[in-house]
Amino acid sequence: MENTKTKGSEELIDLTKLTFEEQAYCDEFSAVYRRYADKIPDDEWSRLSEIRKGLNVDLQKSRKIIKAVEFDSFKNKYLAQNSQMQLSRNITKVTEKDIVSKHDDLKEQRNCQISELQAKKKQLEEYLQEQEKLEAPKNVEDPGALNFFKILISYAIGAWFIWYLDWFWIGVAVMVIETLIVFGHISSIGEYEQYVKAEKEYTSTKERLKNGIPQLQVETDILQTVISENLYSEINGGCAIPIPKASINESTWDNLSGKLDELVRLYSEYKNVSDDENVKRDKAMRFFDAKLQFFYDVSVRCEAGTSVFREFDTQLKNAIASKNVYLLRKDPEESSLLQAKEYSFASKLEGFKASANRMDISRLMNQYNAVKDMDTSGFLGFANVDKLARKTENLQKVYAPIKDEYDRLRRLSNDINYYLTYARTVAYRNIYLGVELLNYICDNAGGKSLMTQKDTVITNKAMVVGSVSGDALHMDSMENVANTLNGLLTDTLEDKQLRKFVMNNPKMAAGAAALAVVGGFLNERIDKINNNNEMQKQLITSIGQMVDGFNSGKAGMLRAVEVIKALSKANIGFLAIYAPLRDKFFIEGCTVATMRDLQNLAKATQEYKHISDTKL
């Protein structure tokens, strides 16, 4: 059995950012840990080892996964026992109405929490270093107490040799030897007492570290979460910028805090500006531009991921270099999209769909069933070792093409996932732009009436991130249009299954783990009949998981292709409505809009809500 014990100094891994193979291993270990806790039997460790090797997850990464699962379990128990540490009691809700008044206090609180976090992390590091160096004292046997009766007898014999038998040197030798034995015994007693003392200190230190390290890890984790959540509350709730929580962490706190300071300053200037319309419009534009640049640089970057963000990064750099944030309100392919009515990758989607439809393992499963049912009986009904060996060889021949098909499915899933992420990110950006435009119109129209006399403008909506139910859109007033778009911004496309369905498809992961189990069995030479029989049982279970995972993954990818198409259509439809209104207000400086314009803008986002309800 391989050594899978984790060291305390190893950094915790984020279980939400695992690869497909790592996720499969994590799922298997989590199931075992839920059953056995910290008393996992050796045969389960051996099975997990085979799965790890089959999934090609390196030993170091598996240790981190194990440690993270154990940490989550400890954290849940700790929070259950320490209710004051619950996040709900430590998060401050911030809205657009109080962001300016609360910002300085929250910033000071954040700095204090960061100092506390650094102190706890320093203590944790000291504990971890102490744990690394901690060694059990070398065992010393208890020599027992001095036997004074034996000592007296020895000295009496020595004296008897000297005085009565006149064997002087023999008597002296006896007494000297006994003295040396006594001193040696006294020394052994001293060593044993030192060992007992060291053992107590070792046990005490070990127990202190055993309890202290996980507690400090949990406390630092909670502090990090509280700091990040409060920063999120200011950015998302106070400044109305959608931001993935994954983008807020210890390495980004300083950068985000600096950007937040600038946003709050601009918002304060914008809201406290004089009644001069030109000055107010200029301040508004500065604030909205700063928000949009933040949205691209932080939110879109995190949402898209490194690979897909390259599509947006050039646009961001050009806007910064030219000091023209308006470029971020245009799609780089806007002209061609409005003319062609489809994305350049549309033909690839049809290819992906055709490839997925051609994938079929039913023929291979028929071969497997034929091999599985092979007769292995021999003389007098006993199993024939040679027949068992041939059956194992045939199973191996069937396993290889099944694995190849699974690998093809995996590669196709990566391609589909790229375009799904791209289409989602464009939708994410578009909904933000729709909300931005609506809020800009609302706030800068002020008390002016719309072209339809009965319509009114709800002012002070520039910072609102509202919520909306999943039923029909309400567009009978400006406020409902605003809430509809804002609700879509916060609720649409937050579906984790939609976002990560390919990489985290649980049935596909289980199937991959089953493949690893089968591969581990077949790569070994099975000599014993009972081992062969156990292998057959495991194969039946594993093959079933493989088929289920393959079919589930294939169906998910076919649905994903349709979601990409729907998102693409919605993106182009939104652009057709948004672009003229954008130019009307941001370029021409118009401050009057019809309710029909705004209703059309809201309707253009309706498809996003429908698509976000799609389950993959």
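Below or above, wherever it landed, is the structure these notes cover. Numbering of residues begins from 1 in every chain and follows the order in which that chain's sequence is written. pLDDT decides what is reported in this predicted model: residues at 70 or higher carry local features, side-chain atom pairs at 80 or more are listed and counted, and totals for whole chains, interfaces and linings draw on all residues regardless. Values reported for side chains reflect all heavy atoms of the structure, with hydrogen atoms and water molecules removed beforehand.

1. Regarding the environment of Val 140
Here's step 1: Helix and strand definitions here come from DSSP, where helices need a minimum of 4 consecutive H or I residues and strands a minimum of 2 consecutive E residues; each element is numbered from the N-terminal end. Here Val 140 is to be found in the loop between helix 4 (99-133) and helix 5 (148-163).
Here's step 2: Note on classification: 1.4 Å probe, protein chains only; a residue is buried when its accessible area is under 20% of the maximum for its type, exposed when over 50%, partly exposed between these limits. Given the relative accessible area of 24%, Val 140 is considered partly exposed.
Here's step 3: Considering only alpha carbons, one finds Val 140 and Val 196, 56 residues apart in sequence, at a separation of 8.6 Å.

2. A short note on the environment of Glu 229
Here's step 1: Relative to the assigned elements, Glu 229 resides in helix 6 (residues 168-238).
Here's step 2: For the pair Glu 229 and Lys 245, spaced 16 residues apart in sequence, the C-alpha to C-alpha distance is 7.8 Å.

3. Quick notes on the packing of aromatic side chains
Here's step 1: Aromatic rings from Phe, Tyr and Trp, taking only the six-membered ring of Trp, are treated as a pair when their centres fall within 6.5 Å; an angle between ring planes under 30 degrees marks them as stacked, one over 60 as edge-to-face, and anything in between as tilted. Scanning all chains against the criterion turns up 22 aromatic pairs.
Here's step 2: Each ring, one from Phe 295 and one from Tyr 296, has its centre 6.3 Å from the other, and the planes form 85°; the classification is edge-to-face. Of the two residues examined, Phe 295 and Tyr 296, each falls in the buried class.
Here's step 3: An aromatic cluster of at least three residues, connected via ring pairs, comprises Phe 312, Tyr 343, Phe 345, Phe 352, Tyr 418, Tyr 419 and Tyr 422.
Here's step 4: Here, a charge over a ring means that NZ of Lys or CZ of Arg falls within 6 Å of the ring centre while also lying within 35 degrees of the ring normal. Just above the ring of Tyr 232 sits the side chain of Lys 245; from NZ or CZ to the centre is 4.9 Å.
Here's step 5: The ring of Phe 586 is capped by Arg 329, whose NZ or CZ atom sits 4.3 Å from the centre of that ring.

4. Topic: the pattern of salt bridges
Here's step 1: In what follows, salt bridge is the name for a side-chain nitrogen of Lys or Arg lying within 4 Å of a carboxyl oxygen of Asp or Glu. If you walk through the whole model with that rule in mind, you get 29 salt bridges.
Here's step 2: Linking Glu 234 and Arg 110 is a salt bridge whose minimum nitrogen-to-oxygen distance equals 3.1 Å. Of this pair, Glu 234 sits in helix 6 while Arg 110 sits in helix 4, and the two are 124 residues apart along the sequence. This pair shows no difference in class: Glu 234 is buried, exactly as Arg 110 is.
Here's step 3: Across the pair Asp 297 and Arg 301 runs a salt bridge whose closest N-O atoms are separated by 2.8 Å.

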